[in-house]
Amino acid sequence: MRLSTMRLTVNGNTHDVDAAPDTALLYVLRNDLELNGPKYGCGLGECGACAVLIDGVAARSCVIPIEGCIGRDIVTLEGLGTREHPDPVQQAFISEQAAQCGYCLNGMIITTKALLLRSPHPSEDEVLEALRHHLCRCGAHVEIMRAAMRAAGRLVEAQTR
């Protein structure tokens, strides 16, 4: 296995990472950068637990090689906000108590954020479509939908101030 040093921009910080170019981004984020927001779920890009933003678009980090991420802006759950100042999407999920086990939440929050970046006023159908490929076995779907719709309202309010 040939290791290379690659420069990645994650959550606004530049990191030099020594890894094989075909290493999945998820492994670098979790193992090298110690970012635990993205979760390992299926390893096939199907469940959404590993979602991150790449240049503002939700992407499944378990199937994306790091060589394809050089020169791109990667944002994980940790890069959205802080405990003291959560991102409006994170705050909406907290306010709506949209979690049970929490394993799927990384993907749900990241995908909601990506949707709101491209469409600040999504309809309920647009939210459903954006989240339909995320797996959640806990049954928190009603709360997750309410949280996504709340986030859309909060983002609209923030833009008008």
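It should be noted that the structure appears before, not after, this text.
Residues numbered from 1 in each chain as written. Predicted model: local features only at pLDDT ≥ 70, side-chain atom pairs only at ≥ 80, totals over all residues. Heavy atoms only, no water.

**Q** Is there a simple way to think about the pairing of strand β1 (residues 4-10) in this case?
**A** Walk down a regular strand and you will see the side chains alternate between the two sheet faces. With burial as the criterion, only one face of β1 is covered, namely that bearing Ser4, Met6, Leu8 and Val10; the residues Thr5, Arg7 and Thr9 on the opposite face remain uncovered. With seven bridges connecting them, β1 and strand β2 (residues 13-19) associate as antiparallel partners. Directly across from valine 10, in β2, lies its bridge partner asparagine 13. Hairpin remark: β1 followed by β2, antiparallel, with two residues in the connecting loop; positive phi at asparagine 11, about 55 degrees. Where β1 meets strand β5 (residues 73-75), two bridges bridge the pair, whose relative direction is parallel. Its bridge partner being in β5, threonine 9 is matched across the sheet by aspartate 73. (Buried < 20%, exposed > 50% of the residue type's maximum accessible area, 1.4 Å probe, protein only. Helix = DSSP H or I, 4+ residues; strand = E, 2+ residues; numbered from the N terminus. Pairing = 2+ DSSP bridges.)

**Q** So what exactly am I meant to see when it comes to the environment of leucine 77 here?
**A** Here leucine 77 shows up in helix α2 (residues 77-80). Separated by 47 residues in sequence, leucine 77 and arginine 30 have C-alpha atoms that sit 12 Å apart. Dropping the residues within four chain positions of it, leucine 77 is found in contact with Gly37, Gln90, Asn106, Ile109 and Ile110. (Contact = heavy atoms within 4.5 Å.)

**Q** Would you mind showing me how to read unusual backbone geometry here?
**A** Excluding glycine, residues mostly carry a negative phi; peptide bonds, for their part, are mostly trans. Of note in the backbone geometry, aspartate 55 takes a positive phi value of approximately 55 degrees without being a glycine. A relative accessible area of 44% places aspartate 55 in the partly exposed class. In this model, glutamine 97 sits at a positive phi of 50 degrees, which is unusual for a non-glycine residue. Overall, glutamine 97 belongs to the exposed group, its relative accessible area being 65%.

**Q** Help me out: how do you make sense of the layout of surface pockets in this one?
**A** Here the idea is plain: a probe the size of a water molecule rolls over the atoms and shows the empty space left. Considering only enclosed or pocket space, the largest pocket measures out at about 210 Å³ in volume. Around the largest pocket sit 13 residues that line it, and Leu77, Gln90, Leu105, Asn106 and Ile109 are the ones nearest its centre. Looking at the lining of the largest pocket, the elements with two or more residues in it are α3 (88-95) and α4 (105-118). Class assignment for the residues of the lining of the largest pocket results in eight nonpolar, four polar and one charged. Its volume calculated, the second largest pocket comes out at about 160 Å³. Gly41, Cys47, Ala49, Cys101, Tyr103, Cys104, Leu135, Cys136, Arg137 and Cys138 are the residues that line the second largest pocket. (1 Å grid on protein atoms, 1.4 Å probe; cavity = no way out; pocket = protein on both sides within 12 Å on 5 of 7 lines; lining within 4 Å. Points joined across faces, edges and corners; volume = space filled by probe spheres on them. Nonpolar A, V, L, I, M, F, W, Y, C, P; charged D, E, K, R; others polar.)

**Q** How do you make sense of the pattern of salt bridges when you look at a structure like this?
**A** Note on pairing: side chains with opposite charge can pair once their charged atoms come close. This structure, assessed with the given rule, holds six salt bridges. As a salt-bridge pair, arginine 72 and aspartate 55 come within 3.0 Å of each other at their nearest N and O atoms. Placement of the pair is arginine 72 in the loop between β4 (57-60) and β5 and aspartate 55 in the loop between β3 (51-54) and β4, with a sequence separation of 17 residues. Judged by relative accessible area, arginine 72 falls into the partly exposed class, the value being 34%. (Salt bridge = Lys/Arg side-chain N within 4 Å of Asp/Glu carboxyl O.)

**Q** Help me out: how do you make sense of helix α5 (residues 124-131) in this one?
**A** Every buried residue of α5 is accounted for by Val127, Ala130 and Leu131. Taken down its axis, α5 places every buried residue within 85 degrees of arc, on the same side. (Arc of directions from axis to C-beta.)

**Q** In this structure, what is going on with the environment of tyrosine 27? I would like to understand it.
**A** Within the secondary structure, tyrosine 27 is located in helix α1 (residues 25-32). According to the relative accessible area criterion, tyrosine 27 is partly exposed, its value standing at 39%. Excluding its chain neighbours within four sequence positions, the residues that come into contact with tyrosine 27 are Asp32 and Tyr40.

**Q** Which parts of the structure should I look at to understand the sheet that holds β5?
**A** Each strand in a sheet pairs with another by means of backbone hydrogen bonds, the pair being arranged parallel or else antiparallel. Read from one edge of the open sheet, five strands run β2-β1-β5-β3-β4, paired in mixed fashion. Single-partner strands in this sheet number two, and they are β2 and β4. Averaged over all neighbouring strand pairs, the angle between strand axes comes to 45 degrees, with direction disregarded. Contacts from α4 reach β3, β4 and β5, with the element oriented near 30 degrees to β3. (Axes fitted to C-alpha atoms, helices over the stretch in contact; angles between N-to-C directions.)

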